[in-house]
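# Breakdown of the fold
Each chain is listed here by its residues.
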Amino acid sequence: LYTGLNPKSFAEAIHEVAAGPPVRTAAVLGISHSAVTILEHLEQLGVPRRICFARRPAKHAEWVEDANDYRFTMSGLKGPGSLFARKNCLDRWGVPHGHTGVTL
């Protein structure tokens, strides 16, 4: 997790793995903020096929002005993770039987 969240360390790890043929596919389990950040880093590193396996679509934290706080603050994505999830439709795929995978 630490390596995947640190862009420099992650790039080095991907290049070590790719000492042979380049990494063409990578999968991430879950749809937490950390998982979405790692998917974004994989995109930035040029991994062409990224797969996200999750039980449910991404949920976004929603700012509630009256409460001066977020709704879904503990389970929802915020900031750049939320933007990446929206851009890649991680919040809008059908989830039959409670598990699914989406390829970015």
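As a reminder, the structure under discussion sits directly above these lines.
Scope of this entry: the structure provided in the associated data block. As the structure is a prediction and not an experimental result, all values here were calculated from the model.

### Some remarks on the overall build of the protein
- From N to C terminus, the protein includes four helices and five strands.
- Listed N to C, the secondary structure of the protein is α-α-β-α-β-β-β-α-β in terms of helices and strands.
- Counting only residues that meet the buried cut, the protein has 36% of its 104 residues in that class.
- Taken as a whole, the protein presents about 6,600 Å² of accessible surface, with 56% of it coming from carbon and sulfur.

### Notes on the packing of helix 3 (residues 33-44) against helix 4 (residues 79-87)
- Across the interface, helix 3 lies against helix 4 with an axial gap of 9 Å and an inter-helix angle of 65°. Viewed along their axes, helix 3 and helix 4 adopt a mutual orientation that is roughly perpendicular. Like other packed secondary-structure pairs, helix 3 and helix 4 cross with a definite hand, here left-handed. Every residue of helix 4 that contacts helix 3 at His33, Val36, Leu39, Glu40 and Glu43 is listed here: Pro80, Gly81, Phe84, Ala85 and Lys87.
- Classifying every residue of the contact of helix 3 with helix 4 by side-chain character gives five nonpolar, two polar and three charged.

### Notes on the nonpolar core
- Core analysis: the largest hydrophobic core is formed by 19 residues, its most contacted members being Ile31, Val36, Leu42 and Leu90.
- Of all the secondary structure elements, the ones that give two or more residues to this core are helix 2 (7-17), strand 1 (25-29), helix 3, strand 2 (49-54) and helix 4.
- Not counting chain neighbours up to four residues away, the residues in contact with Val36 comprise Ile31, Leu77, Gly81, Phe84, Ala85 and Leu90.

### Regarding helix 3
- Over its twelve residues, helix 3 extends 17 Å from the first C-alpha to the last, a length consistent with the 16 Å expected when each residue adds 1.5 Å.
- Listed in full, the buried residues belonging to helix 3 are Ala35, Val36, Thr37, Ile38, Leu39, His41 and Leu42.
- One or two positions beyond helix 3, positive phi appears at Gly46, with a value near 85°.

### A word on the environment of Gly30
- Counting through the fold element by element, Gly30 comes out in the loop between strand 1 and helix 3.
- Classification of Gly30 as partly exposed rests on a relative accessible area of 24%.
- When the C-alpha positions of Gly30 and Ala58 are compared, they lie 9.2 Å apart, and in sequence the two are 28 residues distant.
- Here Gly30 is in contact with Ala35, Cys52, Phe53 and Ala54, once residues within four sequence places are set aside.

Conventions we followed
Residues numbered from 1 in each chain as written. Predicted model: local features only at pLDDT ≥ 70, side-chain atom pairs only at ≥ 80, totals over all residues. Heavy atoms only, no water. Helix = DSSP H or I, 4+ residues; strand = E, 2+ residues; numbered from the N terminus. Buried < 20%, exposed > 50% of the residue type's maximum accessible area, 1.4 Å probe, protein only. Areas by Shrake-Rupley, 256 points an atom, 1.4 Å probe, with all protein chains shown as cover. Axes fitted to C-alpha atoms, helices over the stretch in contact; angles between N-to-C directions. Parallel < 35°, antiparallel > 145°, perpendicular 65-115°, else oblique. Left-handed = near helix turned anticlockwise from the far one by under 90°. Contact = heavy atoms within 4.5 Å. Nonpolar A, V, L, I, M, F, W, Y, C, P; charged D, E, K, R; others polar. Core = buried A, V, L, I, M, F, W, Y, C linked by side-chain atoms within 4.5 Å. Expected span 1.5 Å × (residues − 1).

Nothing here speaks to function; it is all geometry.
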